[in-house]
Amino acid sequence: MGPRRAEDLGRLGASSAGELLTVWPRRYQDRTRLTPLALLRVGEEAVVRARVLTVMPRAVPGRDVMAQLRVTDDTAVMEVTFFHARFLLRRFRPGQELVLIGKVSKRGRYLSMAHPEWEEIEGQEPLDIVPVYPLSGDLKQAFMRQLMRMVVPGLAAQVSDPMPAAILQARELPGRAWSLRAIHLPRTIEEQERARTRLVLDEVLTVTLAIQWLRTRERGPGAGRPLNTTGPLVTRFRASLPFLLTGFQERAWAEIETDLQRPAPMARLLQGDVGSGKTVLAALACLAAVETGLQAAFMAPTEVLADQQARVLTRWFEPLGVRVECLTGGASRELREAVRLGAVGVVVGTQALIQDSVEFDRLGVVVVDEQHRFGVRQRSGLTAKGHAPHLLVMTATPIPRTLALTVYGDLNLTRIEGMPPGREPVATVRRTRAERRAVYQEVMAAVRRGEQAYVVCPHVEESDEGGVRAATSLYEGMKTVSGWRVGIVHGRLDSEAKAAVMEQFRRHEFDVLVATTIIEVGVDVADATVIVIEDADRFGLAQLHQLRGRVGRGTRPGRCILVADPGTEEAEERLQALVDHHDGLELAEIDLQMRGPGEVLGLRQHGLQGFSLANPLRDLALLQDARNLARTILEEDPELRHPEHQGLRDRVVSALGAALPASLLH
Ligand code: ADP
Ligand code: MG
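Residues numbered from 1 in each chain as written. Chains lettered and ligands numbered in written order. Predicted model: local features only at pLDDT ≥ 70, side-chain atom pairs only at ≥ 80, totals over all residues. Heavy atoms only, no water.

### A look at the overall build of the protein chain
Point 1. If you tally the helices and strands in the protein chain, you get 21 helices and 21 strands.
Point 2. Within the protein chain, buried positions represent 54% of all 666 residues.
Point 3. In the protein chain, once contacts between residues fewer than 6 apart in sequence are set aside, the share between residues at least 24 apart is 71%.
Point 4. In the form shown here, the protein chain has an accessible surface area of approximately 29,100 Å², with 50% of it arising from carbon and sulfur atoms. (Helix = DSSP H or I, 4+ residues; strand = E, 2+ residues; numbered from the N terminus. Buried < 20%, exposed > 50% of the residue type's maximum accessible area, 1.4 Å probe, protein only. Contact = heavy atoms within 4.5 Å. Areas by Shrake-Rupley, 256 points an atom, 1.4 Å probe, with all protein chains shown as cover.)

Shown next as structure tokens:
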């Protein structure tokens, strides 16, 4: 094979012959279900096979050249049109056999298809179920099929089966070699489905094994300690809160509390939509640790957020005589020393908490906020600093239960199902860039009412991507508006400057805060009611939902204004989804469908290679099966040392790749 083709294949993930086996077909053409032209109905999607009768170029003013074909299968004649077809024209000739897939319409006398997916049938194509491969560069579908037909049988035959025979027998699943062959060269759809099921199980079992394997290691050594969750500190704290916990929060706390009272370390994922009130539950857990004579560590994803949580906890805990400190990158020796000696009850911080120089006297509770920002490694880095501390992971990413269980290993799941009272959904509207003047008049009106606003931009400085509103230039512009007090915060400021600006905004010394996405998670300012998101199409759905959650947190209703001229259909859908849906879970499902699980669940950040074949929404049952299987396997053979588990171990190790601490590789 020439270097060009090899490079194109490399981009599909195949840089060696063996890897061709896992360049999965995107879908299949079922040529056993061809529709004769005479039976086509207007409006339906159809697969037809037909012979080209005539090829006519047509010059269309302003639209380049149109190609118009007449094709027949001897039952009827159909017209096929392609626009912008100057170079396509050369590829069609009378007598050619084509498979066409497209929507049937009617043009004058003839049935027709506009821009169908098409393919020439060359020579003998023995298969009726034809795979459709992803393409890259100059690769052609016909070449890919030919290549696979040539190499798959030989390569597949050499593949060893990682799955213990008993597991396959119990599920009546075929071997891996057979399945690899059948997914590329199926004789029937049933064969293809059987093969896919088997290969998906390989994939999900590998991922679940990898996660559970890591989870058992992040517990840290030794047995845990039961905590006193009903002592005077906890009681006084609850009485001092300016609000009552909602029924949802009480229920969630009951689950957490039960875990904390046990000696076995808790491993719990607390999931609740943006603004549902997770922090107060984490505070209770931290206080239970202090009450028991232990320390608590609270890890937040950004300095802004760590700083804010430290303030909240200080405000809550200081009256109780519990010392709270914020430990970020530049923490003093004295502070670290105080932590090491146990003089600080609750340590809030960023990833800096994981550094070797940070030691605890007796760490009893670890809280990890906004989980999706952290990898497995960071989490275990922190729990390893204690003797099997209780772990509470908090996330606003609402993912279906089974999926959560898979991705987060054996974390137990607690959900806060609803919001604190008086919250109304944030009214969300879309505006074009041309309407920006009206948008800022709205902001002005809000400021006049004594409210505050966020203006979020995707970038800090004006970039060369034409017209993206950069934070600094917006800020400069707004400063000139009379009567507005404007602040700016972005990732390029040092942490003190960031904290200072946030504090000023919190104290309502600014009316408007221009920001990049560093305010995305968790920031809580009650007077902020309006958030304008400039170039909103640049953000992901989850991010937009998080950003929107920054307003409407007080008693006044919030408003979110998305400013964008989306250039793609996908961006269009994303923005509309945000206008139409307010429930994080619904949005997550939409996001999952639009982007796939790797992105949504942060499998990437976890350092795990996600799924390539599995579709976690469609394959939930298989995921469930894999989860139970993984647990059984690890109970029986925690290190995967049995000879029959060797294949699985190899797969787990390579899936973990970079996420795997070197010490576990041996
Ligand atoms: P998140 O779950 O997004 O982390 P927070 O914990 O920051 O949300 O809570 C959002 C806001 O709601 C905070 O200002 C918090 O003090 C407030 N809050 C939490 N619980 C209640 C409650 N039961 N009643 C009223 N306000 C509450
Ligand atoms: Mg939060």
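Past the structure itself, the notes keep going.
### Focus on the site of ligand 1
Point 1. Surrounding ligand 1, one finds 16 residues, the nearest of these being L244, Q249, G275, T279 and D524.
Point 2. One nitrogen or oxygen atom from the main chain of L244 is found 2.8 Å from a nitrogen atom belonging to ligand 1.
Point 3. Coverage of ligand 1 by the protein amounts to 85% of the 570 Å² it exposes when considered alone.
Point 4. Considering only residue class, the shell around ligand 1 consists of 5 nonpolar, 6 polar and 5 charged. (Near = heavy atom within 4 Å. Polar contact = N/O pair within 3.5 Å; in protein donor to acceptor, adjacent residues only side chain to side chain. Nonpolar A, V, L, I, M, F, W, Y, C, P; charged D, E, K, R; others polar.)

### Here's the deal with helix α6 (residues 232–240)
Point 1. Looking only at α6, the buried set comprises L233, V234 and F237. End-on, the buried residues of α6 take up no more than an arc of 95 degrees, which puts them together on one face. Opposite its buried face, α6 presents the exposed residues P232 and A239, each directed more than 90 degrees away.
Point 2. In this structure, the buried residues of α6 make contact with α8 (279–291) and α9 (303–317). (Arc of directions from axis to C-beta.)

### Details of the packing of aromatic side chains
Point 1. One pass over the full model with this rule turns up 5 aromatic pairs.
Point 2. The aromatic ring of F143 is capped on one face by R5, whose charged end is 3.8 Å from the ring centroid.
Point 3. Sitting over the ring of W178, R194 keeps its end group 5.6 Å from the ring centre. (Phe/Tyr/Trp six-rings, centres within 6.5 Å; stacked < 30°, edge-to-face > 60°. Lys NZ or Arg CZ within 6 Å of the ring centre and 35° of its normal.)

### Focus: the sheet that holds strand β21 (residues 559–563)
Point 1. Taken together, 6 strands build an open sheet; the order of strands is β16-β21-β20-β17-β19-β18 and the sheet is parallel. The strands lining the two open edges of the sheet, one partner per strand, are β16 (427–431) and β18 (486–489). Sheet twist, expressed as the mean angle between neighbouring strand axes with direction ignored, is 20 degrees.
Point 2. In terms of strand pairing, strand β20 (residues 528–534) meets β21 through 5 bridges, oriented parallel. (Pairing = 2+ DSSP bridges. Axes fitted to C-alpha atoms, helices over the stretch in contact; angles between N-to-C directions.)

### Focus: the packing of helix α2 (residues 141–157) against helix α4 (residues 176–184)
Point 1. Two numbers describe how α2 lies on α4: the axes approach to 9 Å, and their chain directions differ by 170 degrees. With respect to α4, the axis of α2 lies roughly antiparallel. Packed against α2, whose contacting residues are M148, V152, P153 and A156, the element α4 presents A177, L180, R181 and H184 at the interface.
Point 2. Along the lines of polarity and charge, the residues of the contact of α2 with α4 split into 6 nonpolar, 1 polar and 1 charged. (Parallel < 35°, antiparallel > 145°, perpendicular 65-115°, else oblique.)

### Brief notes about the packing of α8 against α9
Point 1. Relative orientation of the contacting elements α8 and α9 amounts to 60 degrees, with a least axis distance of 11 Å. Taken together, α8 and α9 sit at an angle that is classed as oblique. Remark: the crossing between α8 and α9 carries right-handed chirality. Packed against α8, whose contacting residues are T279, V280, A283, C286 and L287, the element α9 presents Q309, L313, W316 and F317 at the interface.
Point 2. For the contact of α8 with α9, the per-class residue count stands at 7 nonpolar, 2 polar and no charged. (Left-handed = near helix turned anticlockwise from the far one by under 90°.)

### Section: the nonpolar core
Point 1. Membership of the largest hydrophobic core comes to 73 residues, with the highest contact counts inside it found for F237, L281, F317, V346 and Y454.
Point 2. Sort the elements by how many residues they give to this core and α8 lands first, with 11 residues.
Point 3. When residues of this core are assigned to domains, at least three fall in each of domain 2 (232–262 + 277–395) and domain 3 (427–581).
Point 4. The next biggest cluster of nonpolar side chains, apart from the first, holds 51 residues, and it includes I129, L173, L205 and A630. (Core = buried A, V, L, I, M, F, W, Y, C linked by side-chain atoms within 4.5 Å. Domains from an automatic or database assignment.)

### Some remarks on the sheet that holds strand β14 (residues 390–395)
Point 1. On the basis of which strands lie adjacent, the open sheet formed by 7 strands has the order β11-β12-β10-β13-β14-β9-β15 and parallel pairing. Single-partner strands in this sheet number two, and they are β11 (324–327) and β15 (412–416). The mean angle between the axes of side-by-side strands here comes to 20 degrees, regardless of whether they run parallel or antiparallel.
Point 2. Pairing of strand β10 (residues 295–299) with strand β13 (residues 363–368) involves 5 bridges; the strand directions are parallel. Its bridge partner being in β13, A297 is matched across the sheet by V366.
Point 3. Sheet strands in contact with helix α10 (residues 333–340) are β10, β11 and β12 (346–349), and its direction is about 125 degrees off that of β11.

### Quick notes on the pattern of salt bridges
Point 1. If you walk through the whole model with that rule in mind, you get 37 salt bridges.
Point 2. Among the salt bridges present, the one from E120 reaches R93, with a minimum N-O distance of 3.0 Å. Here R93 lies in the loop between β4 (77–82) and β5 (97–107) and E120 lies in strand β7 (residues 117–120), a separation of 27 residues in the sequence.
Point 3. For R93, a relative accessible area of 45% corresponds to the partly exposed category.
Point 4. In this structure, the salt-bridge partner of R198 is D202, at a minimum N-O distance of 2.9 Å. One end of the pair is R198 and the other is D202, both in helix α5 (residues 189–218) and 4 residues apart, which spans about a single turn.
Point 5. For R198, a relative accessible area of 0% corresponds to the buried category.
Point 6. By relative accessible area, which is 2% here, D202 ends up buried.
Point 7. Salt bridges linked by common partners bring D307, R311, E503, R506, R507 and E509 together as one network. (Salt bridge = Lys/Arg side-chain N within 4 Å of Asp/Glu carboxyl O.)

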